[in-house]
Protein chains: 2
Amino acid sequence: MVITISEKVLRRTRQRQRILEVLRATKGHPTADWIYSQVKPEFPRLSLGTIYRNLKLLKEQGEILELDFGSTFSRFDGRSENHYHFICRKCGEVFDVDMPLDNNLNKKATKTTGFDIEDHRLVFYGLCKGCLKIRERR
Amino acid sequence: MVITISEKVLRRTRQRQRILEVLRATKGHPTADWIYSQVKPEFPRLSLGTIYRNLKLLKEQGEILELDFGSTFSRFDGRSENHYHFICRKCGEVFDVDMPLDNNLNKKATKTTGFDIEDHRLVFYGLCKGCLKIRERR
DNA sequence: ATATCTGCAAATGGTTTGCGGAGGA
DNA sequence: TCCTCCGCAAACCATTTGCAGATAT
């Protein structure tokens, strides 16, 4: 008797490929809807359902990150390795923060909690350069 | 001519009072629905809308925190001062992490980004004690 | 050949909101 | 009294899902 664990084999579809390309090409942290608007012209019959299904698959494959900062919708990030973010509390824009991961935080938290801590997410809040300028002009 | 900036004066209602008490009394990070189930017995006609409206008010008053960790629903925290959290990646439970705030992180991120950074949120991921035990038993 | 994927449209479900009456100040 | 708050129910809206046909391997 042979037991096989069946695992879904992903196909390479043009839609999924373009979604990933669009996500990799932007520095922003777009919503599903924005990605849809970008890819739609190439696939006039494209539906939002396809966008959501592919974003989910890409996330499961570790190709992208889903970011959820408390708004009513998700944002997606074409960089899949862990990194920090900044959200402007005025305009709501999301930026990458390219500082090194502080893995000491995991150790400290492990000591504090006794849990097995593997990872962390860090988000900064404040005013971005643009909003800072507007404020200074007053 | 006198210009008055009208500001809504909150009334003290029994419903809102109980919602805050329930939230302060629990160590967990309950959902709106759980809070509803706790307060409902005292107010048989209570509606979920009232829960949501009051949670929003309490948040605006700085009495509580709304936590949004990427699930489809929010959790609420009766401790309103900033503190760190841990989420078990197996059971999904949310725990407080009582380690001191690392305000150096804000300084580092300010240096990296040039933004005016005031605050940060830090969330740890891993296995909680309970789920760790289950794994060790295998 | 066949299991995955797509477009379409309807469903889902947590949260919000309009309304008329209740109740706190 | 007056304005905020409540209960109720409908609306909202990002996301998910069922289905039938298309497509990648």
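The rules we used
- Residues numbered from 1 in each chain as written.
- Chains lettered and ligands numbered in written order.
- Predicted model: local features only at pLDDT ≥ 70, side-chain atom pairs only at ≥ 80, totals over all residues.
- Heavy atoms only, no water.
- Least-squares fit on C-alpha atoms with pLDDT ≥ 70 in both.
- Contact = heavy atoms within 4.5 Å.
- Near = heavy atom within 4 Å.
- Polar contact = N/O pair within 3.5 Å; in protein donor to acceptor, adjacent residues only side chain to side chain.
- Helix = DSSP H or I, 4+ residues; strand = E, 2+ residues; numbered from the N terminus.
- Nonpolar A, V, L, I, M, F, W, Y, C, P; charged D, E, K, R; others polar.
- Buried area = accessible area lost by both parts, 1.4 Å probe.
- Salt bridge = Lys/Arg side-chain N within 4 Å of Asp/Glu carboxyl O.
- Pairing = 2+ DSSP bridges.

1. Quick notes on the relation of the copies chain A and chain B
Then, in step 1: With an RMSD of 0.0 Å, the fit of chain A onto chain B corresponds to turning through 180° and sliding 0.0 Å along the axis. The transformation just described matches what one would write down for a two-fold rotation axis. Across chain A, the smallest distance between a C-alpha and the rotation axis is recorded for Leu122 of chain A, namely 2.3 Å.
Then, in step 2: Taken together, the interface assignments show that 100% of the residues at the interface of chain A recur at the interface of chain B, consistent with an identical surface on both copies.

2. With respect to the protein's contact with DNA strand D
Then, in step 1: By nearness alone, 21 residues border DNA strand D, and Tyr52 and Ser74 of chain A together with Arg11, Arg45 and Thr50 of chain B come closest of all.
Then, in step 2: The separation between a phosphate oxygen of DNA strand D and a polar main-chain atom of Leu46 of chain B is 3.4 Å.
Then, in step 3: Broken down by secondary-structure element, the contributors of at least two residues to the surface near DNA strand D are α3 (48-60) of chain A together with α1 (14-25) and α3 (48-60) of chain B.
Then, in step 4: Of the residues assigned to the surface near DNA strand D, the class counts are five nonpolar, eight polar and eight charged.

3. Observations regarding the protein's contact with DNA strand C
Then, in step 1: Surveying the vicinity of DNA strand C reveals 21 residues, the closest of which are Arg11, Arg45 and Thr50 of chain A together with Arg11 and Tyr52 of chain B.
Then, in step 2: Close to the protein, within 4 Å, the atoms of DNA strand C belong to sugar or phosphate groups at a rate of 66%.
Then, in step 3: In this structure, a phosphate oxygen belonging to DNA strand C sits 2.9 Å away from a side-chain N or O atom of Arg45 of chain A.
Then, in step 4: At the level of elements, α1 (14-25) and α3 of chain A together with α3 of chain B are the ones that each hand at least two residues to the surface near DNA strand C.
Then, in step 5: Class assignment of the residues belonging to the surface near DNA strand C gives a composition of five nonpolar, eight polar and eight charged.

4. Re the interface of chain A and chain B
Then, in step 1: Opposite the 32 residues of chain A that make contact, chain B presents 32 residues.
Then, in step 2: Overall, the association of chain A and chain B removes approximately 2,800 Å² of surface from exposure, summing both partners, and the carbon and sulfur fraction of that is 65%.
Then, in step 3: Linking chain A to chain B there are two salt bridges.
Then, in step 4: For Arg89 of chain B, the salt bridge goes to Glu118 of chain A, with nearest N and O atoms at 2.4 Å.
Then, in step 5: In this structure, the connection of chain A to chain B is made through twelve residue pairs in polar contact (both at pLDDT 80 or more).
Then, in step 6: Of the residues contributing to the side of chain A that touches chain B, the split by class is 15 nonpolar, seven polar and ten charged.
Then, in step 7: Pairing of strand β5 (residues 116-127) of chain A with strand β5 (residues 116-127) of chain B involves eleven bridges; the strand directions are antiparallel. Paired with Gly126 of chain A across the strands is Ile117 of chain B, a residue of β5 of chain B.

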